[in-house]
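Breakdown of the fold
Spelled out from the first residue to the last, the chains are:
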Amino acid sequence: AQSVTQPDIHITVSEGASLELRCNYSYGATPYLFWYVQSPGQGLQLLLKYFSGDTLVQGIKGFEAEFKRSQSSFNLRKPSVHWSDAAEYFCAVGAAGGYNKLIFGAGTRLAVHP
Amino acid sequence: GAVVSQHPSRVICKSGTSVKIECRSLDFQATTMFWYRQFPKQSLMLMATSNEGSKATYEQGVEKDKFLINHASLTLSTLTVTSAHPEDSSFYICSAPGGLAGLGDTQYFGPGTRLTVL
């Protein structure tokens, strides 16, 4: 069965520091992978997605993620965090091999210190 | 961009009553929509797939008689929590895929509805 693991429940970084949020997935074939961000009072916003091709994908707000098949990972990175990046981040895999039914990880809550 | 709205954003009801939550795709049509449930500080769990013109498909463990889904049009899906009880209190989120509308292989999410059952 497909699953997504986000090992870090909470992460705190200083503003301007680099960030890496970890995501591991379990899926038999080439997965459709997503990172979403959830801010209070707002709907989930897509940061980036990977379906195929270049394993390093660029997203919005300066985020990027790298798909590593050998490690079953899709970690999210940002070189310099801004205070406005504080939010909940979810990694997800398309359950049916597409982008429809999504299976989400537990989420990582990011706090940013000034 | 694609926008999905939900109404109401918050609802408080008494135990035993039914509550209807609406999910609308504002600027695109969606033959399929999805309903998720999110418990505090937890992830989103897919509840069901709402299909326009046909019955919804429920995930294992989700009571279809408790959570009634109606996809009345290409822009509206409703979730009715029947005979609500305190354990149904949760954050309900809907999503709609943008593919058929030419918006890419992406799910667009509503802002969610906070249900509190007293």
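Residues numbered from 1 in each chain as written. Chains lettered and ligands numbered in written order. Predicted model: local features only at pLDDT ≥ 70, side-chain atom pairs only at ≥ 80, totals over all residues. Heavy atoms only, no water.

**Let's talk about the overall build of chain B**
Tallying secondary structure elements over chain B gives 0 helices and 11 strands in all. Each helix and strand of chain B, placed in order from N terminus to C terminus, yields the pattern β-β-β-β-β-β-β-β-β-β-β. Here the C-alpha atoms of chain B give a radius of gyration of 14 Å, agreeing with the 13 Å that 2.2 N^0.38 yields for 118 residues. Projected onto its principal axes, the C-alpha positions of chain B cover 40 × 30 × 20 Å. (Helix = DSSP H or I, 4+ residues; strand = E, 2+ residues; numbered from the N terminus. Rg over C-alpha atoms; globule rule 2.2 N^0.38 Å.)

**Brief notes about unusual backbone geometry**
Cis rather than trans, the peptide bond between H7 of chain B and P8 of chain B has omega equal to 0 degrees. Note on placement: P8 of chain B falls in the loop between β1 (4–7) and β2 (10–13). Despite not being glycine, K61 of chain A has its phi angle at roughly 60 degrees, a positive value. In this structure, K61 of chain A sits in the loop between β7 (56–58) and β8 (64–68).

**Here we look at the packing of aromatic side chains**
In the structure shown here, the tally under the stated rule is 15 aromatic pairs over all chains. Taking the centre distance of 4.5 Å and the plane angle of 25 degrees together, the rings of Y50 of chain A and F67 of chain A count as stacked. With Y50 of chain A in strand β6 (residues 45–50) and F67 of chain A in strand β8, the pair connects residues that are 17 residues apart, well separated along the chain. Take Y50 of chain A: its relative accessible area is 4%, and that puts it in the buried class. Taking relative accessible area as the criterion, F67 of chain A reaches 4% and is therefore assigned buried. One aromatic cluster is present, built from ring pairs that chain together Y32, F34, Y36, F51, F90 and F104 of chain A together with Y36 and F109 of chain B. (Phe/Tyr/Trp six-rings, centres within 6.5 Å; stacked < 30°, edge-to-face > 60°. Buried < 20%, exposed > 50% of the residue type's maximum accessible area, 1.4 Å probe, protein only.)

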